[in-house]
Amino acid sequence: MPTKGKLGAVLGFGAVAAVSAFLLVVPSWQILAQGKTEPAESAVAAPQDRADAAVVLPVELTQALVQSETRTRSFAGSVEALRTVDLAFQISGQIVEFPLIAGARVPAGGLIGQIDKADFELALDRARASYDLARSEFTRASALSNRGVATDAQLDAVRAQLAQAEAARREAERRLTQTEVRAPFDAIVARTYVEAFSNVTPAQPVVRLQDVSELLIRISLPEDLAAVARVQPDLFSVTATFPAAPGYRPTLEPRSFAAEANPATRTFDVEFRILGEIDPRILPGMTANVAVGEKESSGPAQAVTLPVSAVDTTSRANPTVWIYNAEDSTVTRRDVRLGLPSDNRIVVLEGLEPGETVVATGWWRLRDGARVAVVGL
């Protein structure tokens, strides 16, 4: 073979070898066109989307209801008697009669206790004798003065002695009446401080009486509520319950308002009178739960409420609910603003209209636009 022909054969063989080596080095994925890979990805994603859209989640529904929201605030109160007094003797002596025991009822004018009267009766007898003598001397002096025998100065001296004797007699009579202490009103004996045959001194309390013809309840109101209750008490309905008397729920009527705030709590003391018949189980010193609310005539607020279970308060910063669309059986998330719960329902202040249908349970599995199947109806 000629030299020129041999050289061409060698060059042709080298070119084929170089092309083969290049094809071996370049990865096969770079050889494929990118336009051919996109349909493959779409072919994978499309069945998944269709599968998600085809899932129908079972849920229970509820409706937003409008309820009367009567705002009520509760306060702790204490039962008090209409009047509470400590009675004492005004003189010293030994008690010879003291028929009272704690808890007994005493009518007005009933005997509380009596001191030994002997010394006071003797003192009254002496005062009466002195008075009779002074009156006789004044009678004689007056007769002598009319005849001109006694001077005016002598008559004035006898008149003064008579006045002193009369004052002494009246004082002895009064001290004799002070040997007894009687009830000033129909009362119940709250406490006794002495026993029969003990000696007492003036103003030493012997018994505490309580007037239970009316019972009062005292509570402390904050200044915002106290101001309205003082000016417009008819706007409020006040009732009370008692741990000691289950089932007894009387209505209360304002009786007095303290015009000065408690320096420690900055509250105002308010007294209420129990209306109607008083339960005999209620005694002064017992506790009461006082509910202060608006009367129906003042127009209770209307509030939109939902079951507590229908509100999602965990997944977002704001609480949300899921609104049900009956036309296509889908749900939509909506933010709401909540009020206070009451029993098993909660007040929705904003974001929900009365009558709207809301998912009651199962909302944690939902997403916007999801199709649902209603169960439990």
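As the structure is a prediction and not an experimental result, all values here were calculated from the model.

Rules of the game
- Residues numbered from 1 in each chain as written.
- Predicted model: local features only at pLDDT ≥ 70, side-chain atom pairs only at ≥ 80, totals over all residues.
- Heavy atoms only, no water.
- Helix = DSSP H or I, 4+ residues; strand = E, 2+ residues; numbered from the N terminus.
- Buried < 20%, exposed > 50% of the residue type's maximum accessible area, 1.4 Å probe, protein only.
- Contact = heavy atoms within 4.5 Å.
- Areas by Shrake-Rupley, 256 points an atom, 1.4 Å probe, with all protein chains shown as cover.
- Phe/Tyr/Trp six-rings, centres within 6.5 Å; stacked < 30°, edge-to-face > 60°.
- Lys NZ or Arg CZ within 6 Å of the ring centre and 35° of its normal.
- Expected span 1.5 Å × (residues − 1).
- Polar contact = N/O pair within 3.5 Å; in protein donor to acceptor, adjacent residues only side chain to side chain.
- Pairing = 2+ DSSP bridges.
- Core = buried A, V, L, I, M, F, W, Y, C linked by side-chain atoms within 4.5 Å.

Colleague: Sorry if this is basic, but what is going on with the overall build of the protein chain here?
Modeller: Regarding its fold elements, the protein chain presents six helices and 21 strands. Counting every position in the protein chain, which comprises 377 residues, the buried fraction comes to 31%. Sequence-distant contacts, at least 24 apart, represent 74% of the contacts inside the protein chain between residues at least 6 apart. By element, 54% of the accessible surface of the protein chain is carried by carbon and sulfur atoms, the whole surface being about 23400 Å².

Colleague: In this structure, what is going on with the environment of glutamine 178? I would like to understand it.
Modeller: With respect to the element layout, glutamine 178 can be found in the loop between α5 (152-177) and β7 (180-182). Residue glutamine 178 is classed as buried on the basis of its relative accessible area, which comes to 13%. Put simply, glutamine 178 and alanine 88 are 90 residues apart on the chain and 10.0 Å apart in space, counted from C-alpha to C-alpha. Not counting residues up to four positions away in its chain, the partners in contact with glutamine 178 are Phe89, Gln90 and Ile91.

Colleague: Just checking my understanding: could you explain unusual backbone geometry for this structure?
Modeller: For residues other than glycine, phi is negative in most cases, and the peptide bonds are mostly trans. In this model, alanine 203 sits at a positive phi of 70°, which is unusual for a non-glycine residue. Mapped onto the elements of the fold, alanine 203 is located in the loop between β9 (199-200) and β10 (205-221). Exposure remark for alanine 203: the relative accessible area of 56% places this residue in the exposed category.

Colleague: Looking at this structure, I do not really get the packing of aromatic side chains. What am I missing?
Modeller: Inspection of the entire model under this criterion finds two aromatic pairs. Measuring from centroid to centroid gives 5.6 Å for phenylalanine 242 and tyrosine 248, while their planes differ by 20°, and the two rings are stacked. Ring geometry for tryptophan 363 against tryptophan 364: centres 5.4 Å apart, planes inclined by 75°, an arrangement best described as edge-to-face. With a relative accessible area of 12%, tryptophan 363 lands in the buried category. Among the residues examined, tryptophan 364 registers a relative accessible area of 59% and is labelled exposed. Over the ring of tyrosine 131 we find arginine 169; its NZ or CZ atom is 4.6 Å from the centre of that ring.

Colleague: I'm lost on helix α4 (residues 118-146) in this one. Help?
Modeller: Every α-helix winds through 3.6 residues per turn, so residues three or four apart in the chain are directed the same way. Under the 1.5 Å per step criterion, the end-to-end length of α4 is 43 Å for 29 residues, consistent within 8% with the ideal 42 Å. In this structure, the buried side of α4 is in contact with β6 (111-115) and α5. Just beyond α4, the residue with positive phi is glycine 148, at close to 85°.

Colleague: Looking at this structure, how should I read α5?
Modeller: In this model α5 runs 38 Å from its N-terminal to its C-terminal C-alpha over 26 residues, within 8% of the 38 Å that 1.5 Å per residue would give. What α5 keeps buried is the set Leu155, Val158, Leu162, Ala165, Arg169, Ala172 and Leu176. Looking at the buried residues of α5, the elements they touch are α4.

Colleague: For this particular structure, what's the right way to read the side chain of glutamate 271?
Modeller: Mapped onto the fold, glutamate 271 is located in strand β13 (residues 268-274). At 2.5 Å, the side chain of glutamate 271 forms a polar contact with the side chain of arginine 218. The contacts of glutamate 271, once residues within four sequence positions are left out, are Glu80, Leu216, Ile217, Arg218, Glu253, Pro254, Arg255 and Ser256.

Colleague: How should I be thinking about the sheet that holds β6 in this particular structure?
Modeller: Within a beta sheet, neighbouring strands are joined by backbone hydrogen bonds and run either parallel or antiparallel to one another. The strand order β7-β6-β4-β9 describes an open sheet built from four strands, whose pairing is antiparallel. Sheet topology places β7 and β9 at the edges, where each strand pairs with a single neighbour. Bridging between β6 and β7 involves three bridges; their strand directions are antiparallel. Within β7, the residue paired with glycine 113 across the bridge is valine 181.

Colleague: I'm lost on the nonpolar core in this one. Help?
Modeller: Nonpolar side chains in soluble globular proteins tend to end up buried together. Core analysis: the largest hydrophobic core is formed by 25 residues, its most contacted members being Ile217, Ile219, Leu221, Phe242, Leu252, Val290 and Val292. Going through the elements one at a time, β3 (72-88), β10, α6 (223-231), β11 (236-241), β13 and β14 (287-294) are the ones with two or more residues in this core. With five residues, the single largest contributor to this core is β10. Here isoleucine 217 is in contact with Gly77, Ser78, Val79, Ala240, Phe242, Leu252, Val270, Glu271, Phe272, Ile274, Ala288 and Val290, once residues within four sequence places are set aside. Membership of the second largest hydrophobic core comes to 24 residues, among which are Phe89, Ile91, Leu124 and Leu176.

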